Amino acid sequence: MRSLRGWFLVAAALFAGAVHAQQRVHFASQDPAVELLGFWFAASVPASTAAPTVVLLHGCGGTYNAKGELSERTREYARLLNEHGLHALVVDSLMPRGEKEICTQRIGTRKVTQANRRLDALAAVAWLAQRAEVDVGRIGLMGWSNGG
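Notes on the structure in this doc start here. The residue count restarts for each chain, going from 1 along the sequence in the order it is written. A pLDDT threshold of at least 70 governs which residues receive local features in this predicted model, and a stricter bar of 80 or more applies before side-chain atom pairs are shown or counted, although totals over entire chains, interfaces and linings include all residues. Excluding hydrogens and water, the side-chain figures rest on all heavy atoms present in the structure.

Examining helix H3 (residues 114-129)
Helix and strand definitions follow DSSP, with helices as H or I runs of at least four residues and strands as E runs of at least two, each counted in order from the N terminus. The span expected for a helix works out to 1.5 Å for each residue beyond the first. Between the first and last C-alpha of H3 there are 23 Å, a value that for 16 residues agrees with the 22 Å anticipated at 1.5 Å per step. When we look at burial in H3, the residues that qualify are Asn116, Arg117, Asp120, Ala121, Ala123, Ala124, Trp127 and Leu128. Burial along H3 is one-sided: seen end-on, the buried residues are contained in an arc of 160 degrees. For H3, the secondary structure elements touched by its buried residues are strand S1 (22-28), strand S2 (35-41), strand S3 (51-57), strand S4 (87-92) and strand S5 (134-143). Exposure categories follow from relative accessible area, calculated using a 1.4 Å probe and restricted to protein chains: below 20% of the type maximum is buried, above 50% is exposed, and the middle band is partly exposed. Comment: arc refers to directions from the helix axis out to C-beta atoms. Contact between two residues is taken to exist if any of their heavy atoms lie within 4.5 Å; hydrogens are not considered.

Spelled out as structure tokens, the structure:
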């Protein structure tokens, strides 16, 4: 009986990790010559089912923590969306343009502008529209501060 319980715990841990695993993706921005970095969090839905998807757009502090990993808030929102049957795509608009954060830059002098962010959001939606597992009629955007 103990062995069966152990296998169940291992299987549950592996399944939980797979449901919320991130996949690094790349796609072109609609801003010329910019290759965006994204992180795809696929919801656990049947393979033949196209699911709604939310694009997550970071604020002026970027999408990473001090260790260079996706921020806890970003991972938690992706997890929450996945638990509700939605895919999540995190878009990094800063690092591909050589910036870690823009909060400390004066608004009129920022290298990454709202116009750049808009083009990145449009590119993310276009990338998602090509994916069979995405319900293109149900794509949403969620952003924080500069990404909102």
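A closer look at the state of the cysteines
Put plainly, a disulfide is one covalent bond tying together the sulfur atoms of two cysteines. For the purposes of this analysis, a disulfide is any pair of cysteine sulfur atoms at a distance within 2.5 Å. Throughout the structure, instances matching the rule amount to 1 disulfide. Disulfide partner of Cys60: Cys103, at an S-S distance of 2.0 Å. Looking down the S-S bond of the Cys60 and Cys103 bridge, the torsion is 95 degrees, so its handedness is right-handed. A residue pair is termed long-range when its members are at least 10 positions apart, and Cys60 in the loop between S3 and helix H2 (72-83) and Cys103 in the loop between S4 and H3 qualify at 43 residues. According to the relative accessible area criterion, Cys103 is partly exposed, its value standing at 37%.

Thoughts on the pattern of salt bridges
Counted as salt bridges are all cases of a side-chain nitrogen of Lys or Arg within 4 Å of a carboxyl oxygen of Asp or Glu. By the definition in use, this model includes 6 salt bridges. One salt bridge connects Glu76 with Arg79, and the closest N-O pair in it is separated by 2.7 Å. With Glu76 and Arg79 both in helix H2 and 3 residues apart, this pair spans about one turn of that helix. Overall, the relative accessible area of 35% leaves Glu76 in the partly exposed class. Relative accessible area serves as the criterion here: at 29%, Arg79 is assigned to the partly exposed category.

Some thoughts on the sheet that holds S4
In a beta sheet, neighbouring strands pair by backbone hydrogen bonds and run either parallel or antiparallel. For two strands to count as paired, DSSP must find a minimum of two bridges between them. An order of S1-S2-S4-S3-S5 is seen for the 5 strands of this open sheet, with the pairing classed as mixed. A single partner strand is all that each edge strand has here, and the edge strands are S1 and S5. Sheet twist, expressed as the mean angle between neighbouring strand axes with direction ignored, is 25 degrees. Bridge count between S3 and S4: 5 bridges; the pairing is parallel. Along S4, the bridge assignment pairs Leu57 with Val91. Packing of H3 onto the sheet brings it into contact with S1, S2, S3, S4 and S5, and relative to S5 it is tilted by some 155 degrees. Axes here mean lines fitted to C-alpha atoms, for a helix over just the part in contact, with angles spanning 0 to 180 degrees between N-to-C directions.

A short note on unusual backbone geometry
Notably, Ala33 is not glycine yet its phi reads approximately 65 degrees, a positive angle. Looking at the element boundaries, Ala33 is found in the loop between S1 and S2. By relative accessible area, Ala33 is classed as exposed at 88%. The backbone of Ser145 shows a phi angle near 35 degrees, a positive value even though the residue is not glycine. Examined against the element boundaries, Ser145 turns out to sit in the segment after S5.

Coordinates in, geometry out; function isn't part of it.
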